[in-house]
Amino acid sequence: MSRLAGLAGLSAFAGWALVLAGLPWFRRRPLVDRIAPYLLGPRRPAAGPSRPGSDLSIAATWRELASPLAQATGERLARLFGVTEPLHQRLERVHSPMTTTEFRFRQLTCTGAGLGLGTLVAAIIPLPGGLAFGFIVGGPLLAFLVVEQRSVAESDRWRRHLVLELPVVAEQVGMLLGSGYSLGGALNRVAERGQGVCGRDISRVCERIRLGLSEVTALREWAALADVAALHRLVGVLSLNRQAGDLDRLISEEARSMRRDVHRELVATIERRAQQVWIPVTVATLVPGVIFLAVPFVEALRMFGRA
């Protein structure tokens, strides 16, 4: 008991010291500010009290201190539950305006809300110890996984739309190259007219090109970020822009190959769903049959038992 009291007192002292250190009348002026009037040259402005909206405010300082912990905790929990892809790649892929720090803070906020809700349910409803502990632990884990799964699902949905739109966009780029456009001009044209997933991604590729990257390097960055096999093949074809004379024909063949891949995947999905239809039919047929067979079997056992 004395150890707990000492630990609580030490924690309270450290907390009050950090809080009072943010107050201008409590903390000591830095040595540089104290000797600044006696130095030659331009005077350094004294450090005044931090305003609520400034970068030196206590809230901003606590946010900067907590952001590495939030990111590390979120990444470890995500890997623990099987999410191996980095968060920044998912956010950049879907053009999310949030940073990884903002996402992790929002996720930890939802986790805290889940902890509070689970604790409240365990406190209100009279439950056994194991079930109450399950509510307390399962609430924050469920909230964490829901937010993480939404990010993963949005990233997968973006990649799926990219696969479906890529054959049409590849054919457009091939027609523009065949009509005399350069690779950069064709990409700019598609980015201006495109409204879907590929259009937004190609707009980012054009921005990277305007920042000084070559067309091939920007396209390879896009392929690495999207992580789609069809896009990797298309970028490999487009990288032959300065070497092949019939690039439009190669792009058309690649677009037909993409359509065949999508068609095979669609046929496989249809067959899989057709097989899944028979599962409830089989169960609905077997259960009554087992019941009808069990009744005469039990009756026969009774007759042999009496004999």
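About the thresholds
Residues numbered from 1 in each chain as written. Predicted model: local features only at pLDDT ≥ 70, side-chain atom pairs only at ≥ 80, totals over all residues. Heavy atoms only, no water. Helix = DSSP H or I, 4+ residues; strand = E, 2+ residues; numbered from the N terminus. Buried < 20%, exposed > 50% of the residue type's maximum accessible area, 1.4 Å probe, protein only. Contact = heavy atoms within 4.5 Å. Areas by Shrake-Rupley, 256 points an atom, 1.4 Å probe, with all protein chains shown as cover. pLDDT = per-residue confidence, 0-100. Polar contact = N/O pair within 3.5 Å; in protein donor to acceptor, adjacent residues only side chain to side chain. Salt bridge = Lys/Arg side-chain N within 4 Å of Asp/Glu carboxyl O.

Chemist: Explain the overall build of the chain to me, please; I cannot follow it from the model alone.
Modeler: Tallying secondary structure elements over the chain gives 11 helices and 0 strands in all. Here the chain, with 307 residues, has 27% of them falling under the buried criterion. For the chain, long-range pairs separated by at least 24 residues make up 58% of all intrachain contacts whose partners lie at least 6 apart in sequence. Summed over all atoms, the accessible surface of the chain reaches about 21100 Å², with 65% contributed by carbon and sulfur.

Chemist: Any chance you could explain the confidence of the model for the chain here in plain terms?
Modeler: Caution applies to low-pLDDT regions: their predicted coordinates should not be interpreted in detail. Per-chain confidence: the chain averages 79 in pLDDT, with 78% of residues scoring 70 or above. Here residues 40-57 scores under 50 on pLDDT; set against residues more than four positions off or in separate chains, the count is 17 contacts.

Chemist: Help me understand the side chain of Gln-107, please; the structure alone is not making it clear to me.
Modeler: Assignment of secondary structure puts Gln-107 in helix α5 (residues 100-124). A polar atom in the side chain of Gln-107 sits 3.2 Å from the backbone oxygen of Phe-144.

Chemist: For this particular structure, what's the right way to read the pattern of salt bridges?
Modeler: For side chains bearing opposite charge, pairing can occur when the charged atoms are close. The tally for this structure, following the rule as stated, stands at 12 salt bridges. The partner of Arg-204 in a salt bridge is Asp-201, and the shortest N-O contact between them spans 3.5 Å. In this pair, Arg-204 and Asp-201 are both assigned in helix α8 (residues 197-210), 3 residues apart and thus about one turn of the helix distant. Neither residue differs from the other here; Arg-204 and Asp-201 are each classed as buried. Note that Arg-264 is salt-bridged to Asp-261, the shortest N-O span being 2.2 Å. Within this pair, Arg-264 and its partner Asp-261 are both found in helix α11 (residues 247-306), separated by 3 residues, close to a single helical turn. On the accessibility criterion, Arg-264 (51% relative accessible area) is exposed.

Chemist: Where do I start with the environment of Ala-78 in this structure?
Modeler: Tracing the backbone shows Ala-78 in helix α3 (residues 58-80). A relative accessible area of 2% places Ala-78 in the buried class. When the C-alpha positions of Ala-78 and Leu-145 are compared, they lie 8.0 Å apart, and in sequence the two are 67 residues distant.

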